[in-house]
Amino acid sequence: MSHLRMMLEWVTVILLIVIGLVLIIVELVFIPGTTLIGILGFVLAGIGIWFGYATLGTPIGHIILGLTVLVSGVAFFYSFRGDSWNRFALKESIDSRVNEEYQHNLQLGETGITVSALRPQGMAMFNEQRHEVQSKGEFISSNTTVRIIKLNQHKIIVEAVT
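A closer look at helix H3 (residues 58-81)
A turn of α-helix holds 3.6 residues, and therefore any two residues three or four places apart point the same way.
Turning to step 1, where the next piece is worked out: Between its terminal C-alpha atoms H3 stretches 34 Å, which fits the 34 Å expected from 24 residues at 1.5 Å a residue.
Turning to step 2, where the next piece is worked out: Listed in full, the buried residues belonging to H3 are Gly 61, Ile 64, Thr 68, Ser 72 and Ser 79.
Turning to step 3, where the next piece is worked out: Buried residues in H3 make contact with helix H1 (2-29) and helix H2 (36-56).

Laid out in structure tokens, this is it:
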């Protein structure tokens with residue numbers, strides 16, 4: 001029974017420390033700032049070390065503490081230095097713009113009907129085609145007649161016709 005108890009104590013200490021270190025690495029690499037994950041990881045690793053001192057004795061506790069510091073240092077070094085985390089990083093960027101897929105043939109002063117509410121962006125129909133449009137900041141409800149007041153690159157600015 002004593003051998004089984006000692007084995008269980010070792011497994012408990014190792015699991016607490018490993019889970020704690022994994023949570024700390026997740027905090028440092030994936031979650032910016034100090035959050036509950038990192039604090040929980042630090043607490044679990046600390047409890048694992050304390051449990052090792054309390055149940056396995058001071059000499060074994062010193063060994064556990066030394067190995068934990070060594071393993072955590074190596075893990076932190078390789079997690080930040082190596083390219084192991086690059087596969088998780090976003091490498092693509094969005095470089096397209098609104099209404100870029102087609103060239104519209106709209107003119108200043110042309111009128112149309114809103115298909116959706118403009119808050120301040122939405123959709124409107126001009127010449128039987130849907131276009132993404134923008135108001136000057138005001139809310140315009142759907143099925144409202146609008147007039148083009150500005151064409152800026154691929155942006156269509158409209159106002160409600162009163």
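Once the structure has been displayed, the description carries forward.
Comments concerning the pairing of strand E2 (residues 121-126)
Turning to step 1, where the next piece is worked out: Only one face of E2 is covered, namely the one carrying Gly 122, Ala 124 and Phe 126; the face carrying Gln 121, Met 123 and Met 125 has none of its residues buried.
Turning to step 2, where the next piece is worked out: Across 2 bridges, the pairing between strand E1 (residues 111-114) and E2 is antiparallel. Residue Ile 113 lies in a different strand from E2, and its bridge partner there is Met 125.
Turning to step 3, where the next piece is worked out: Adjacent in sequence and paired antiparallel, E1 and E2 are bridged by 6 residues.
Turning to step 4, where the next piece is worked out: Sheet topology note: the E2/strand E3 (residues 129-134) ladder contains 6 bridges and is antiparallel. Each bridged residue has a counterpart across the sheet, and for Phe 126 the counterpart in E3 is Gln 129.
Turning to step 5, where the next piece is worked out: Remark: 2 residues form the turn of the hairpin made by E2 and E3, two consecutive strands paired antiparallel; Asn 127 in that turn has positive phi of roughly 55°.

Quick look at the side chain of Thr 144
Turning to step 1, where the next piece is worked out: Tracing the sequence through the fold places Thr 144 in the loop between E3 and strand E4 (145-152).
Turning to step 2, where the next piece is worked out: Beyond its immediate chain neighbours, meaning those up to four positions away, Thr 144 contacts Gly 112, Ile 113, Thr 114 and Ala 160.

With respect to unusual backbone geometry
Turning to step 1, where the next piece is worked out: Residue Pro 120 is reached from Arg 119 by a cis peptide bond, and omega for that bond is -10°.
Turning to step 2, where the next piece is worked out: By the secondary structure assignment, Pro 120 is in the loop between E1 and E2.
Turning to step 3, where the next piece is worked out: Positive phi is not limited to glycine here, since Asn 127 has a value of about 55°.
Turning to step 4, where the next piece is worked out: Checked against the element boundaries, Asn 127 lands in the loop between E2 and E3.
Turning to step 5, where the next piece is worked out: On the basis of relative accessible area, Asn 127 is assigned to the exposed category, the value being 51%.

Points about the environment of Leu 65
Turning to step 1, where the next piece is worked out: Here Leu 65 shows up in helix H3.
Turning to step 2, where the next piece is worked out: Measuring from C-alpha to C-alpha, the distance between Leu 65 and Tyr 53 comes to 8.9 Å, with 12 residues separating the pair along the chain.
Turning to step 3, where the next piece is worked out: Once you skip the residues sitting within four places of it in the chain, Leu 65 turns out to touch Ile 49 and Tyr 53.

Quick look at the pattern of salt bridges
Turning to step 1, where the next piece is worked out: For the structure on display, the rule yields 2 salt bridges.
Turning to step 2, where the next piece is worked out: One salt bridge connects Glu 9 with Arg 5, and the closest N-O pair in it is separated by 3.3 Å. Taken together, the positions of Glu 9 and Arg 5, both in helix H1 and 4 residues apart, correspond to about one turn of that helix.
Turning to step 3, where the next piece is worked out: For Arg 5, a relative accessible area of 58% translates into the label exposed.

Re the nonpolar core
Turning to step 1, where the next piece is worked out: Residues Leu 106, Leu 118, Ala 124, Phe 126, Val 133, Ile 140, Val 146, Ile 148, Ile 156 and Val 158 constitute the largest nonpolar core, which totals 10 residues.
Turning to step 2, where the next piece is worked out: Of all the elements in the fold, those that place two or more residues in this core are E2, E4 and strand E5 (155-160).
Turning to step 3, where the next piece is worked out: Residues Val 13, Ile 17, Leu 56 and Ile 64 belong to the second largest nonpolar core, which totals 6 residues.

Quick word on the side chain of Ser 135
Turning to step 1, where the next piece is worked out: With respect to the helices and strands, Ser 135 occurs in the loop between E3 and E4.
Turning to step 2, where the next piece is worked out: By relative accessible area, which is 1% here, Ser 135 ends up buried.
Turning to step 3, where the next piece is worked out: Not counting chain neighbours up to four residues away, the residues in contact with Ser 135 comprise Leu 118, Pro 120, Ile 140, Ile 157 and Val 158.

Analysis parameters
Residues numbered from 1 in each chain as written. Predicted model: local features only at pLDDT ≥ 70, side-chain atom pairs only at ≥ 80, totals over all residues. Heavy atoms only, no water. Helix = DSSP H or I, 4+ residues; strand = E, 2+ residues; numbered from the N terminus. Expected span 1.5 Å × (residues − 1). Buried < 20%, exposed > 50% of the residue type's maximum accessible area, 1.4 Å probe, protein only. Contact = heavy atoms within 4.5 Å. Pairing = 2+ DSSP bridges. Salt bridge = Lys/Arg side-chain N within 4 Å of Asp/Glu carboxyl O. Core = buried A, V, L, I, M, F, W, Y, C linked by side-chain atoms within 4.5 Å.

Taken by themselves, the reported measurements are silent on function.
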